[in-house]
Amino acid sequence: MIRSMLYATDLSLYAPYVMQHALALARTFNAELYVIHVVEPMGLFAESVLQSYLSEDALKELHHQGLNTVLDGIEQRVLDGFREELGEGHQDLALIRTVRVVQGDPCNVILEQAQQLEVDLLVVGSHSHGTEAAAPIGRTAARVLQLSEVPVYMVPGWSKGARR
């Protein structure tokens, strides 16, 4: 029985297509739908540039306040995107329990959230916006498939020969 699901989105152009699958499954099973987007940590180069120009206190403040502001802004944009895609007041919006944006390694965060929320199903797209079309599956999707302790519903990416 599927009572709750976690939809991991990369916010790419392909994400609304995957979201439609997640919502259809949630509707079919009358399941709660949790949404997560993972932001990878700042790279070493960007971090070193900031250290060159900011004091240690300013850097700490930027990391704490700035990151929280950015993550909150992304959460709001995701919610606004759902409202725009579905239409304000659409019944499927009620299926979405939370939208969270978290910083970390995408695979690890997705699996940790699935465990914490005790979901029955993970929903992911097979490719992210940065994956070459020739690759059969993206890096994060492959790792989630290999390491997940719950079933994974993977939505295949669009290809030139695929139905739309």
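Below is a summary of the structure that appears in this document. Along every chain, residues carry numbers that run from 1 in the direction the sequence is written. In keeping with the predicted nature of the model, local features appear solely for residues at pLDDT of at least 70, side-chain atom pairs appear and are counted solely at 80 or more, and the whole-chain, interface and lining totals rest on all residues. Just so you know, side-chain values use all the structure's heavy atoms and leave hydrogens and water out.

### A short note on the environment of Val155
Every helix listed is a DSSP run of H or I at least four residues long, and every strand listed is a run of E at least two residues long, numbered separately from the N terminus. As for its position among the elements, Val155 is in strand S5 (residues 152-155). Spatially, the C-alpha atom of Val155 lies 6.1 Å from that of Val18, the residues being 137 residues apart in sequence. Apart from the residues lying within four places of it in its own chain, the contact partners of Val155 are Tyr14, Tyr17, Val18, His21, Val124, Gly125 and Ser126. Working rule for contacts: check all heavy atoms of both residues, and any pair within 4.5 Å makes them a contact.

### Section: the pattern of salt bridges
Between side chains of opposite charge, pairing is possible as soon as their charged atoms come close. Salt bridges are defined as contacts in which a side-chain nitrogen from Lys or Arg sits within 4 Å of a carboxyl oxygen from Asp or Glu. Summed over the entire model, instances satisfying the criterion amount to three salt bridges. For the salt bridge of Arg97 with Glu32, the shortest nitrogen-to-oxygen distance reads 3.1 Å. Residue Arg97 is found in strand S3 (residues 96-103), and its partner Glu32 is found in strand S2 (residues 32-39); the two are separated by 65 residues along the sequence. For every residue, the accessible area obtained with a 1.4 Å probe (protein chains only) is divided by the maximum for its type, and the residue is called buried under 20%, exposed over 50%, and partly exposed between those limits. Exposure remark for Arg97: the relative accessible area of 47% places this residue in the partly exposed category. Among the residues examined, Glu32 registers a relative accessible area of 30% and is labelled partly exposed. A salt bridge links Asp105 to Arg143, with the shortest nitrogen-to-oxygen separation between them at 3.3 Å. Of this pair, Asp105 sits in the loop between S3 and helix H4 (106-117) while Arg143 sits in helix H5 (residues 139-147), and the two are 38 residues apart along the sequence. For Asp105, a relative accessible area of 25% translates into the label partly exposed. When its relative accessible area of 25% is taken as the criterion, Arg143 is described as partly exposed.

### Points about the packing of aromatic side chains
Aromatic rings from Phe, Tyr and Trp, taking only the six-membered ring of Trp, are treated as a pair when their centres fall within 6.5 Å; an angle between ring planes under 30 degrees marks them as stacked, one over 60 as edge-to-face, and anything in between as tilted. What the rule picks out here adds up to one aromatic pair. With centroids separated by 5.8 Å and ring planes inclined at 35°, the aromatic side chains of Tyr14 and Tyr17 adopt a geometry described as tilted. The exposure class of Tyr14 is buried, given its relative accessible area of 11%. Taking relative accessible area as the criterion, Tyr17 reaches 26% and is therefore assigned partly exposed.

### Points about helix H1 (residues 15-29)
Take the number of residues in a helix, subtract one, and multiply by 1.5 Å to get its expected span. Here H1 contains 15 residues, and its C-alpha end-to-end distance of 21 Å stays within 8% of the 21 Å for a straight helix at 1.5 Å per residue. Among all positions of H1, only Ala15, Val18, Met19, Ala22, Leu23, Leu25 and Ala26 are buried. Here the buried residues of H1 occupy an arc of 160° about the axis, which is enough to place them on one side. Taken from the residues just after H1, Asn30 is the one with a positive phi, measuring 50°. The directions considered for the arc are those from the helix axis to the C-beta atoms.

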